[in-house]
Amino acid sequence: MSTFELHPDRFFDSDPVIRKYARNIFDSIVSLPINSPHGHVDPSIFVDNKPFENPTQLFITPDHYLFRMLYSHGIPMEALGIPSINGIRVEEDHRKIWKLFAENYFLFLGTPSGIWLDYEFSIVFGIKEKLNGSNAEKIYDEIDEKIKSPEFLPRRLFEKFRIEVLSTTDASTDTLENHKKIIESGWKGRIIPCFRPDAVTDLSNPLWKSNIEMLGKICGYEISSFKKFVLALEERRAFFKSLGCTSTDHGVFSPYTHELSITEAEKIFLRALNEDATNEDAKLFTAHMLMEMARMSIEDGLVMQIHPGSFRNHNPLIKANYGADKGADIPMQAEFTFNLKELLNKYGNNPNFTVIVFTLDESTYSRELAPLAGHYPALKLGPSWWFHDSVEGMTRFRQMVTETAGFYNTVGFNDDTRAFVSIPARHDLARRIDSNFLAGLVARHIISIDDAKKIAQDLTYNLVKKTYKL
Amino acid sequence: MSTFELHPDRFFDSDPVIRKYARNIFDSIVSLPINSPHGHVDPSIFVDNKPFENPTQLFITPDHYLFRMLYSHGIPMEALGIPSINGIRVEEDHRKIWKLFAENYFLFLGTPSGIWLDYEFSIVFGIKEKLNGSNAEKIYDEIDEKIKSPEFLPRRLFEKFRIEVLSTTDASTDTLENHKKIIESGWKGRIIPCFRPDAVTDLSNPLWKSNIEMLGKICGYEISSFKKFVLALEERRAFFKSLGCTSTDHGVFSPYTHELSITEAEKIFLRALNEDATNEDAKLFTAHMLMEMARMSIEDGLVMQIHPGSFRNHNPLIKANYGADKGADIPMQAEFTFNLKELLNKYGNNPNFTVIVFTLDESTYSRELAPLAGHYPALKLGPSWWFHDSVEGMTRFRQMVTETAGFYNTVGFNDDTRAFVSIPARHDLARRIDSNFLAGLVARHIISIDDAKKIAQDLTYNLVKKTYKL
Amino acid sequence: MSTFELHPDRFFDSDPVIRKYARNIFDSIVSLPINSPHGHVDPSIFVDNKPFENPTQLFITPDHYLFRMLYSHGIPMEALGIPSINGIRVEEDHRKIWKLFAENYFLFLGTPSGIWLDYEFSIVFGIKEKLNGSNAEKIYDEIDEKIKSPEFLPRRLFEKFRIEVLSTTDASTDTLENHKKIIESGWKGRIIPCFRPDAVTDLSNPLWKSNIEMLGKICGYEISSFKKFVLALEERRAFFKSLGCTSTDHGVFSPYTHELSITEAEKIFLRALNEDATNEDAKLFTAHMLMEMARMSIEDGLVMQIHPGSFRNHNPLIKANYGADKGADIPMQAEFTFNLKELLNKYGNNPNFTVIVFTLDESTYSRELAPLAGHYPALKLGPSWWFHDSVEGMTRFRQMVTETAGFYNTVGFNDDTRAFVSIPARHDLARRIDSNFLAGLVARHIISIDDAKKIAQDLTYNLVKKTYKL
């Protein structure tokens, strides 16, 4: 039986000079609270504050990082209990799914998922063995017992994780009932919404028209024109803001920005209502809506985020059988110098505007994003995203961004997760990688240890609070 | 006179923690046999088993990695004895060529060619001095004497290198006489063919029509339609398989995949037979043939390889005077997310299909290939290829691929070489770089030393055997 | 009060093995003179040899690396005293500007600007404190006093910096009066011009026609045809050469090269004179002029440089208020395999031609540029440029270029600076990074320490002299 314990110096370079500095820097930030300004945790868990169902539904079923990898090795989605949307019978024995997962846990060696899970098992749940096929059931029982105890209820974990603010991500038509209930409950945990209107700004979405109808219902008037659409969005933003929202988010195919005349925008909008919109219409409309969103951000103060460049639902078989967000989103080439030009030219010099840009195309870090952020006051760079939220990925981000944009045009860490229990694991990793990166600068006499600690403090806590207005 | 000996810890980080682990891991795999599932060694050398001609023709004349670099410093191809295809008189004094090479050996400092040659001279031939202008003739004599001895005959070297399987790369019209003769000879060395039909699937090849005629002759019927063309390829694949072939290979300009209707395919094929095919026809035909090849792979079990993105024969002067494969192939931007979509959507979920993709565009590792391989069961990633088969190149491959695709969606090492004697050198380097990469993970407490050894074993031996069905 | 001194081992890896070798290598090149074959220092400072105005105008006002970063944090250009071109009132109190800069000096932590400034303050000016808001005035006074002393006059600094050759960059219409005066003065400092004809080869430049008129005036005949235009350029090149010029430079949007027929070229030229040229005309004309420039280089021996891929003046607000070169130039994707093909096919095999190519798109290093330079004799790679002239940037350049192109297809370091006092700082950093890179190869037993020292000598001194014909 193999026992394991997380090493206190994990992820730090083994060179003793760097390691000593990294430890020193990390120790100075380890106890800072967590601010999670962008993520996808379901707020309902904090309303009910019920125990999590079981280890399988806590760890595996909602986490496309995990079943993606298992699927890539020929393990069927149904064997992992991923709910089907078209009646395929899926495995319902959670212990059996857990066993299958445990037998294949070695696939995650060297991946951030492996790192996060090791943390969650070891630190959050106090499991003292590395998961494998043999100890699968035993560990299942241990976790299962714990999640049924008061110490592991969602609100209690939120507090134990020392989360100051947790932002969810919510459709423009969301009534934010959960957020309201949490506030009304008197519980002090700060769970705030983020306004993500993709479903009504993306004309290529097959559900666009019904989403618009839903928006109309919520607003109490028919969205019969572009003008009314804009009004509706402004109202929804105000509503979100009233419940603590400080940011918007835009998951776009391309970061292309372009302002249409009102007449053009109206024409395209009406074509879309008539289900006659073309691909070109959809492209232009998204480009125009990014301009509109920037304008609104300047007016209402919400911080704008752009997450471009993911080809969603690349595998139609998975989409048809299991729906969206099932590990089949694939990055593609991105371009920012031309695409963001119109937005930055019009709003990028405005002191009342903040736009945070993310990318899945690492070749844009040093080529486009760092130079843009190192010039335009409104533009800040989000941390390394999704596939790149990893030891090497976060290191490359700092290596390719810092020398051109400095540390202070970045915004701290986003955990961006659906997996609530992984939040402290992800922040632990991010803080360690930043500490190690800074330690490398100190070791090479590029910055002093005092400067490094100040920067670490800012990257971990101050920049995220300031940029996201938390 | 400078003497030199290869350092037992070469290529490992100098940090003592990493170096100790790297050594430990490498020691556990150093004596594993070599499986070479993709390469370009001429099988005839094992038929005749004659001594190699002389050091110059063994090392320099066939190796475009070497004369490419010399040419880039103004040394004419003719001075290096590269055979001309149009009557240019080339140097025939092999000692003179060797001297020229030796005088310029410093150009290879810091390159993989330099590393491989150092190994070949030192380990394979027992030369105890670093090659330079002064000792050129002496070393020529030493090598020349050795290659004339029985210990350095091709079959003996194959055995000394402990090669389990060596795959050649062969045109669809190849009669595989050499492979047959090797089998018939009773020698136990396993030399298998790989089916590479580029010459008949690429309509833009000026020799396409005569290649098709050759294919018809071999099959015994005229290839007068696309249908017959498909039949012919299926027959050739079966023939290759009967001689041990387990894989196909496709060297395409772009990895674009797209299925045509039979009618469209027939039309394009007939236009091509009439020498009327357009560039667009050629592009679509290649895209369709990749789909056809995937279908056939599912039927006959041959593993499919795609090597895209090399602009072949970039320098027409070299092509005209010396022919193809003369160091003037230049990589270009590649795109996989869109290009492979149709192939992966149709066949990528099929458990009977394996497609191994390579790239010369390293920006696609983390952006496209690792995410695709981390989802589609059929897709595996070939090792870092050609220009990137190097210390830094292999390290970047692991750094950019592992965190998203894991280790187990990669397929071990390909030496991909024409230079038979370089095979052990290349595998030595690859094993050392993987050992060092794994050691870095152990040193940072990301994986355990036991896990690292298990992974090293799999990367070196098990994954290549399993994926290539050896 | 914090004191600081530059560490003698700065920028070297902290690993003791690498550090020892790096120190050893660096010590062998530290006292080599500086050759600066490409830069933007104003030659007039050496004509008058007057003291620099004050610290603010010496360090901040001319350096877009600095005010770019300050601007990105919301500090207005006018507050930094950047001269406006349209009457905006700007700060004139140099001490106030200096204070603002000092208060925000932390923004440069981890950036090459921070590294260079630390060197300039510490080594050139002997300041023994790290600049900050509190000591700003004191340090201003110290520097101000020094620049007024004879030891800090431009010519004296040139000598103290041990500069052998300093190349400026000059428009084709420049009369080179300053260069003449320097020669006539009898001062031994070698300041040579570089021929940069962008203003007359780029038809999309709004001032193109008046630039052509200026060229006509200088040549003494009207530039009424393409033929005369070519003649004028040949004359200007000869004139530049007579004043010591050894190179030309071409700052192009894209490195696209394409030869037009004389008829086509004439037609486009006349359309441009008639102010009827299209965007396509401009693109083709630049492509053709690169071909013409290569032809001329073969004839007159001037070394050709191409600096492509910067989107100039991305922010129209800054352009309108402060003009060009104000920190708003943003890199974009570059492509070389196709774009340079025509130029390399026609001239790349010519032993009398040298073309040095730079890039801002690091993804092209290993994919396109190193393979091209590792084949074509005429092509050499300029060092990592602009945003990438940094610790990580220079390291990535060596890591991505060396294994394919070797060290000897690169050309040593370019400081490429407008900031005269930063020259020794930039060469110090470049030499240290190369030393450290080479030390890493020695530490991993890839090259010997003797080879490393030889290469360091060549990278620092011999290659730049040879390639730029200095």
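Because the structure is predicted, anything quoted here is derived from the model rather than measured.

Let us look at the relation of the copies chain A and chain B. With an RMSD of 0.0 Å, the operation that places chain A on chain B is a rotation of 120 degrees combined with a shift of 0.0 Å along the axis. The two molecules are tied by a three-fold rotation axis, judged by turn and shift. Each copy contacts the other with its own distinct surface, as only 5% of the interface residues of chain A are interface residues in chain B too.

What follows is about the interface of chain A and chain B. Facing the 42 residues of chain A at the interface are 36 residues of chain B. Breaking the side of chain A that touches chain B down by element, the ones donating at least two residues are α4 (64-72), α6 (112-124), α15 (316-322), β9 (330-331) and α18 (391-405) of chain A. Of all the elements, α4(A) adds the most residues to the side of chain A that touches chain B, at 4 residues.

Residue and element names in this part refer to chain A. Taken residue by residue, helix α9 (residues 177-184) has N178, H179 and I182 as its buried positions. Summarising the axial view, the buried residues of α9 lie within an arc of 100 degrees, below the 170-degree limit, and thus occupy one face. Turned more than 90 degrees off the buried face of α9, the exposed positions are E177 and E184. Turning to α9, the residues buried within the fold contact α2 (44-48) and β4 (191-192). Trailing α9 by a residue or two, G186 shows a phi angle of about 85 degrees, which is positive.

Let's shift gears to the domain arrangement of chain A. Residues and elements named next belong to chain A. What the domain assignment reports for chain A is domain 1 (16-50 + 153-467) and domain 2 (51-152). Each partner contributes residues to the interface: domain 1 has 22 residues there, and domain 2 has 23 residues. Of the residues that constitute the side of domain 1 that touches domain 2, the class distribution is 9 nonpolar, 5 polar and 8 charged.

Before going further, it helps to examine the sheet that holds strand β1 (residues 34-36) of chain A. Residues and elements named next belong to chain A. Strand order in the open sheet formed by 3 strands is β1-β2-β4, with parallel pairing between adjacent strands. Unpaired on one side and paired on the other, β1 and β4 mark the two borders of the sheet. With 2 bridges joining them, strand β2 (residues 163-167) and β4 adopt parallel strand pairing. Of the residues in β4, the one forming a bridge with L166 is I191.

Reading guide: rules and limits
Residues numbered from 1 in each chain as written. Chains lettered and ligands numbered in written order. Predicted model: local features only at pLDDT ≥ 70, side-chain atom pairs only at ≥ 80, totals over all residues. Least-squares fit on C-alpha atoms with pLDDT ≥ 70 in both. Contact = placed C-beta atoms within 7 Å. Helix = DSSP H or I, 4+ residues; strand = E, 2+ residues; numbered from the N terminus. Buried ≥ 20, exposed ≤ 12 C-beta atoms within 10 Å, placed from the backbone. Arc of directions from axis to C-beta. Domains from an automatic or database assignment. Nonpolar A, V, L, I, M, F, W, Y, C, P; charged D, E, K, R; others polar. Pairing = 2+ DSSP bridges.

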